[in-house]
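# Chain and residue survey
What follows is each chain in one-letter form.
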Amino acid sequence: QVQLVESGGGLVQAGGSLRLSCAASGRTFSRDVMAWFRQAPEKEREFVAAIIWTFGGISYADFVKGRFTISRDVAKRTVYLQMNSLKADDTAVYYCAADPKGIISAPTYNYWGQGTQVTVSS
């Protein structure tokens, strides 16, 4: 079994920064991609960023390019999401996910964390 545990959410003012972490444990993934999604109230879960575990290839949603950075620590089996220049629209529950069939398609991910709340005050 695989467990994903997120941390690092919180309350921040607009323009501020947060760093989210997601630690993976358990067996290795069949498809070595880890990603961040987010879900705001009354909205669908949306793709934020993904990283390919082995060689570090990265994909971002257009709305976070230049503001968010995804990275990984292979030894710690941890993926990070550095979020800068945060906006009120970034307020959401952020989820870590792993082992997908399609990188930006939430339903194809096999494993999910419990989520961490990010609230950006304007």
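I will try to describe carefully the structure that is included in this document. All of these numbers come straight from a predicted model, not from anything done at the bench.

About the thresholds
- Residues numbered from 1 in each chain as written.
- Predicted model: local features only at pLDDT ≥ 70, side-chain atom pairs only at ≥ 80, totals over all residues.
- Heavy atoms only, no water.
- Helix = DSSP H or I, 4+ residues; strand = E, 2+ residues; numbered from the N terminus.
- Rg over C-alpha atoms; globule rule 2.2 N^0.38 Å.
- Buried < 20%, exposed > 50% of the residue type's maximum accessible area, 1.4 Å probe, protein only.
- Contact = heavy atoms within 4.5 Å.
- Areas by Shrake-Rupley, 256 points an atom, 1.4 Å probe, with all protein chains shown as cover.
- Lys, Arg positive; Asp, Glu negative; His and termini not counted.
- Charge placed at Lys NZ, Arg CZ, Asp CG, Glu CD.
- Core = buried A, V, L, I, M, F, W, Y, C linked by side-chain atoms within 4.5 Å.
- Phe/Tyr/Trp six-rings, centres within 6.5 Å; stacked < 30°, edge-to-face > 60°.
- Lys NZ or Arg CZ within 6 Å of the ring centre and 35° of its normal.
- Salt bridge = Lys/Arg side-chain N within 4 Å of Asp/Glu carboxyl O.

### Focus: the overall build of the protein chain
Of regular secondary structure, the protein chain possesses 0 helices and 11 strands. Starting at the N terminus and walking to the C terminus, you meet the elements of the protein chain as β-β-β-β-β-β-β-β-β-β-β. Here the C-alpha atoms of the protein chain give a radius of gyration of 13 Å, agreeing with the 14 Å that 2.2 N^0.38 yields for 122 residues. Seen along its three principal axes, the alpha-carbon backbone of the protein chain occupies a region of about 40 × 30 × 25 Å. For the protein chain, the residues scored as buried account for 43% of the 122 residues in total. Taking the contacts inside the protein chain whose residues are at least 6 apart along the sequence as the reference set, 54% of them involve residues at least 24 apart. As displayed, the protein chain offers around 6300 Å² of accessible surface, 49% of which is attributable to carbon and sulfur atoms. The average position of the 13 basic charges and that of the 10 acidic charges among the side chains of the protein chain differ by 6 Å.

### Some words on the nonpolar core
By size, the foremost hydrophobic cluster in this structure holds 37 residues, and its most contacted members are L4, M34, W36, V79, L81, M83 and Y94. Listing elements by their share of this core, those giving two or more residues are β1 (2-7), β3 (18-26), β4 (33-39), β5 (46-52), β7 (68-73), β8 (78-83), β9 (92-98) and β11 (116-121). The residues touching V79, leaving out its near neighbours within four places in the chain, are L20, S21, C22, M34, W36, I51, W53, I70, S71, R72 and C96.

### As for the environment of F47
Turning to its location among the elements, F47 is positioned in strand β5. With 14 residues separating them in the primary sequence, F47 and A61 have C-alpha atoms 6.4 Å apart. Once residues within four sequence positions are removed from consideration, F47 is found in contact with A35, W36, F37, S59, Y60, A61, F63, I103 and I104.

### Observations regarding the packing of aromatic side chains
Taken as a whole and judged by the stated rule, the model has 5 aromatic pairs. Relative to F47, the ring of F37 has its centre 5.7 Å away and its plane inclined at 75°; by these criteria the two rings are edge-to-face. Of this pair, F37 sits in strand β4 while F47 sits in strand β5; the two residues are 10 residues apart in sequence, bridging distant segments of the chain. One Lys or Arg, R19, reaches over the ring of Y80 and ends 4.2 Å from the middle of that ring. For R45, the ring lying beneath its charged end belongs to Y95, and the centroid distance is 3.8 Å.

### As for the pattern of salt bridges
A full pass over the atoms with the stated rule returns 4 salt bridges. Note that D90 is salt-bridged to R67, the shortest N-O span being 2.7 Å. Linking D90 in the loop between β8 and β9 with R67 in the loop between β6 (58-60) and β7, this pair joins segments that are 23 residues apart in sequence. Assessed through its relative accessible area of 2%, D90 is described here as buried. Each of the salt bridges in this network shares a partner with another, and the network as a whole consists of R38, E46, R67 and D90.

Nothing here speaks to function; it is all geometry.
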